[in-house]
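# Coordinate inspection notes
Read off the chains here:
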Amino acid sequence: MLHPSRGLVSVIMLAALLVGCAGGGSQQLDTVTEEIAPVASAAKIQINSLDDLPVHTYPLQGTVSEMLENPGAMKALRAAVQSDIEADLETYLIEDATTLQGKYQSLATLAMVRHD
């Protein structure tokens with residue numbers, strides 16, 4: 001069974017992806033966000049811009065070329081990035097549509113790389 005906030009994250013991510021594919025831009029994403037926001041805002045820290053979010057860093061061993069040639073290292077990096085993005089979405093109420101869209105685009109990219 002999905003955790004309620006994970007289900008909500010999935011719904012918002014799907015909506016952002018569909019809006020992006022349809023070329024609707026941030027106005028439609030704003031509408032979707034406004035409709036879902038009351039449910040999502042319970043006990044979340046309000047964020048107004050990307051600058052309000054924590055910065056995540058990922059230590060790399062070796063060169064970027066070596067990292068790209070190491071499937072295990074890339075898988076671990078993708079998992080860490082996804083975990084941080086999902087934690088941000090669960091912890092913070094992100095008001096900025098561009099920031100929110102960027103988070104969901106990153107999750108969609110990670111899903112495509114995994115072939116989900």
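Whatever comes next refers back to the structure up there.
Attention in this report is confined to the structure presented alongside it.

About the cut-offs
Residues numbered from 1 in each chain as written. Predicted model: local features only at pLDDT ≥ 70, side-chain atom pairs only at ≥ 80, totals over all residues. Heavy atoms only, no water. Helix = DSSP H or I, 4+ residues; strand = E, 2+ residues; numbered from the N terminus. Expected span 1.5 Å × (residues − 1). Salt bridge = Lys/Arg side-chain N within 4 Å of Asp/Glu carboxyl O. Buried < 20%, exposed > 50% of the residue type's maximum accessible area, 1.4 Å probe, protein only. Patch = residues over 30% accessible without salt bridge, like charges linked within 9 Å, V, L, I, M, F, W, Y side chains within 5 Å. Areas by Shrake-Rupley, 256 points an atom, 1.4 Å probe, with all protein chains shown as cover.

### Re helix α5 (residues 97-113)
- Counted at 1.5 Å a residue, the expected span for α5 with its 17 residues is 24 Å, and the 24 Å between its end C-alpha atoms agrees.
- Positive backbone phi, approximately 70°, marks H115, located one or two places after α5.

### Some words on the pattern of salt bridges
- Using the criterion set out here, one finds one salt bridge in the structure.
- D88 serves as the salt-bridge partner of K103, at 2.9 Å between the closest nitrogen and oxygen. Linking K103 in helix α5 with D88 in helix α4 (residues 71-91), this pair joins segments that are 15 residues apart in sequence.
- Of the residues examined, K103 reaches a relative accessible area of 12% and is grouped as buried.
- On the basis of relative accessible area, D88 is assigned to the buried category, the value being 2%.

### Let's talk about a nonpolar patch on the surface
- On the surface, L60, V64 and L68 cluster together into a nonpolar patch covering about 300 Å² of accessible area.
- In this fold, V64 is placed in helix α3 (residues 64-68).
- Judged by its relative accessible area of 54%, V64 is exposed.

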